[in-house]
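Inside the fold
Residues per chain are reported as follows:
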Amino acid sequence: MTSAGGPPSRGAVLITVDSLRADALGPHTPTLRGLARRGTAFETAIAGGNWTPFSFPDLLGARPVFADASTPGPATDPTLAEALSAAGVRTAGVNAGNGFLTPHYGYDRGFDEFESFLDGARTPVGRFLTTHPTVNGWVQYLGWPLGSAAARLRGRERRHAVDTSHLHALEREALGSVESFAADDDDRPFFLWIHYMDAHTPYVPAPRHVRAVTDGEVGSLQALLGHLRAGLGRVVDEDTLRTLRALYDAAVRQIDESVGRVLEELESAGLREETTVILAGDHGEEFLEHGHLAHYPKLYDELVRVPFVVDHPGAPARREGAAVPLRDVPPTVCDALGVEPPSAFAGESLLPTVVDAEPPERAPVTSLAVRGESVTSQPIPRRLGDGTPLVAARTRRWSYLRGPDGDVRVFDREADPGETDPLDPAAVPEGTRADLRAAADDRLALLAGGAAAADGSRGGAGEAPDAIERRLEALGYR
């Protein structure tokens, strides 16, 4: 039995989307919005950091980044997949080529089947296209007519004119896993994790999605010029910014269609109504709200507040505004499957909120970033010693940001949702101010364990293999 008082689910599917902002779900995402309407939508879900290596130790590792090492990756304690596997749950993980979510960093731990689609390019041209996804996308787009004709001659259908995010392969793996789970004669519980990369820079969706989200106003030439201006570091004017946001929305629409097909496969396999489906962004994305594009080391709302939905069989639809951390995902998955979460898990199950509307009582939720000499300095800090930590703590209403030089900025998001007008900290009620400060202090104190640990203590230590480095370079990380 689950702690929420109901029978466990047959399975759980965790869908994570890279760079998915809290406001990314709209009319162009009917599947994801439908999931949010059907389940419990947590409106103030906070990521553990501004980018993947700082957020996924919470999502799959169940403890914050740098909890026990100075390199990113899951802690040495049991991961979510390891806890489930030890309880007899079948596990499969599919990551669409994010180099930070690979066996090198320890993210395959506990998965019976794991695929991260590292490039595998063998020729110089193939390696070039892999590390230049924008060029790759335009090569695919221009070659679409010929490729489509060749596919028809082979009796196949080409669904997308452009695929630089491993979407086709990811979807095939995910659908294959669902089919395998359904065919299990023992009816063993299952867990499937799917990670999409389409919404990550440089935003190369299929042109039909761009036309759909802009009613045809943004064409191929505008999309190409937008990529060129941003890629060359030119000043991004309002028209270019609108184009980039349109490309981002189109990429999210592309993900939406794929998620719809995965859910349809669950339905066809007879598993949909006995499967808990969880959707989460791993971090957000900035479009010049605070001076930059993408997700440089800052901790404003556009970078750390993300969509988070739990659709549990038999639970009513609801919305929850309390601030919750993504580290609540692992115990929630365990709870949904009737598995006792390991004591090392830092989060708490949200199933009582989902099933019985129990308000989640959480301390202010914290996020962490590490900044080098400047916000945009390259290489972007990956390890604890590569820069200076900055930390944020949030409640439903208040944001408390402490910069690398110790300066504190406080925002009232009810009056200032864009976090552009910092307040005197004295304007925050005394008790809330103390809680925010204490949460930030505790998060920084936790880094002492990571700073003292040897880099060789777990995954992520040492130089990453060339295939991973090429993939990270393609994503803009040097």
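Structure: above.
Residues numbered from 1 in each chain as written. Predicted model: local features only at pLDDT ≥ 70, side-chain atom pairs only at ≥ 80, totals over all residues. Heavy atoms only, no water.

Thoughts on helix H12 (residues 329-336)
As a reminder, the rule being used: For the exposure calls, accessible area comes from a 1.4 Å probe over protein chains only, and a residue counts as buried if that area is under 20% of its type's maximum, exposed if over 50%, partly exposed in between. Helix numbering and strand numbering both begin at the N terminus, where a helix is a DSSP run of H or I of at least 4 residues and a strand a DSSP run of E of at least 2.
Most of H12 sits inside the fold, with 8 of its 8 residues counted as buried. Along H12, the positions that sit buried rather than exposed are Val329, Pro330, Pro331, Thr332, Val333, Cys334, Asp335 and Ala336.

Some points on the nonpolar core
Filter applied, for reference: Here, nonpolar core refers to any group of buried Ala, Val, Leu, Ile, Met, Phe, Trp, Tyr and Cys residues whose side-chain atoms link them within 4.5 Å. Any pair of residues with heavy atoms lying within 4.5 Å of one another is described as a contacting pair.
Of all hydrophobic cores here, the largest spans 57 residues; its most connected members are Phe42, Phe66, Leu84, Phe191, Trp193, Phe308 and Val333. Aside from chain neighbours lying at most four places away, what touches Phe191 is Ala12, Leu14, Leu80, Leu84, Val89, Arg90, Thr91, Ala92, Phe111, Phe181 and Val333. The next biggest cluster of nonpolar side chains, apart from the first, holds 45 residues, and it includes Ala36, Val178, Leu263 and Leu271.

Observations regarding the packing of helix H7 (residues 167-182) against helix H10 (residues 238-268)
The angle between the axes and the distance between the axes are what describe a pair of packed helices. Convention followed: Note on geometry: axes are C-alpha line fits, over the in-contact stretch for helices, and angles between N-to-C directions span 0 to 180 degrees. Roughly parallel here means an angle under 35 degrees, roughly antiparallel means over 145, roughly perpendicular means 65 to 115, and every remaining angle is called oblique. By definition, any crossing whose near helix is turned counterclockwise from its far helix by less than a right angle is left-handed, and any crossing with a clockwise turn is right-handed.
Interhelical geometry of H7 versus H10 gives an angle of 15° and a closest axis separation of 9 Å. Overall, the two elements H7 and H10 adopt an arrangement that is roughly parallel. Once H7 is placed against H10, the crossing between them reads as right-handed. For the pair formed by H7 and H10, the contact residues are Leu167, Glu171, Ala174, Leu175, Val178 and Glu179 on the first element and Gln254, Ser258, Arg261, Val262, Glu265 and Leu266 on the second.

Looking at the pattern of salt bridges
So the rule is basically this: What makes a salt bridge here is a side-chain nitrogen of Lys or Arg within 4 Å of a carboxyl oxygen of Asp or Glu, nothing more.
In total, this model carries 29 salt bridges according to the counting rule given. Salt-bridge contacts for Glu348 lead to Arg362; the nearest nitrogen and oxygen are separated by 3.5 Å. Here Glu348 is found in the loop between H12 and helix H13 (351-356), whereas its partner Arg362 is found in the loop between H13 and strand S12 (365-371), with 14 residues between them in sequence. One salt-bridge network, in which partners are shared between bridges, spans Arg21, Asp23, Arg245, Asp249 and Glu289.

Some remarks on the pairing of S12
Let me state the cut-off plainly: Between any two strands, at least two bridges found by DSSP are needed for them to pair.
Burial analysis of S12 places 7 of its 7 residues in the buried class, the great majority of the element. Residues Val365, Ser367, Ala369 and Arg371 line one face of S12 and the alternating positions Thr366, Leu368 and Val370 line the opposite face, and both faces are buried. Bridge analysis of S12 against strand S13 (residues 388-394) gives 7 bridges, and the strand direction is antiparallel. Each residue of the ladder has a partner; that of Thr366, found in S13, is Ala393.

Some details on helix H1 (residues 30-38)
Along an α-helix, residues three or four apart share an orientation, since each turn contains 3.6 residues. How we decide: Working definition: the arc comes from the directions between the helix axis and the C-beta atoms, pointing outward to the latter.
Looking only at H1, the buried set comprises Leu32, Leu35 and Ala36. Down the axis of H1, the buried set is contained in an arc of 100°. They therefore lie on one face. What points out from H1, more than 90 degrees from its buried face, is the exposed set Pro30 and Arg37.

A word on empty space enclosed by the protein
Test applied: Cavity and pocket criteria rest on a 1 Å grid covering protein atoms alone: a 1.4 Å probe that fits but cannot get out defines a cavity, protein on both sides within 12 Å along at least 5 of 7 lines defines an open pocket, and an atom within 4 Å of a point defines a lining residue. Grid points are joined across faces, edges and corners, and a volume is the space filled by probe spheres set on the points. As a working rule, the residues Ala, Val, Leu, Ile, Met, Phe, Trp, Tyr, Cys and Pro are called nonpolar, Asp, Glu, Lys and Arg charged, and the rest polar, with Gly in that last group.
Inspection of every chain in the model, using the stated rule, returns 2 cavities of 30 Å³ or more. Roughly 40 Å³ of volume is contained in the second largest cavity. Lining of the second largest cavity is provided by Leu60, Pro74, Thr79, Leu80, Ala81, Gly106, Tyr107, Arg109 and Phe111. Among the residues forming the lining of the second largest cavity, the class breakdown is 6 nonpolar, 2 polar and 1 charged.

Looking at the sheet that holds strand S15 (residues 408-412)
Strand order in the open sheet made by the 4 strands is S12-S13-S14-S15, with antiparallel pairing throughout. Each edge of the open sheet is held by one strand with a lone partner, namely S12 and S15. For this sheet, the mean inter-axis angle between neighbouring strands, taken without regard to orientation, is 15°. With 4 bridges joining them, S13 and strand S14 (residues 398-402) adopt antiparallel strand pairing. Each bridged residue has a counterpart across the sheet, and for Arg394 the counterpart in S14 is Ser399.

Describing the packing of helix H8 (residues 207-214) against H10
Contact geometry for H8 and H10: axes closest at 8 Å, N-to-C directions at 110°. Compared by their axis directions, H8 and H10 come out roughly perpendicular. Our pair here, H8 against H10, has a crossing hand that is right-handed. Residue-level inspection shows Arg208, His209, Val210, Ala212, Val213 and Thr214 of H8 in contact with H10, the latter providing Ala246, Leu247, Asp249, Ala250, Arg253, Gln254 and Glu257.

All quantities given are derived from atomic positions and should not be read as evidence of function.
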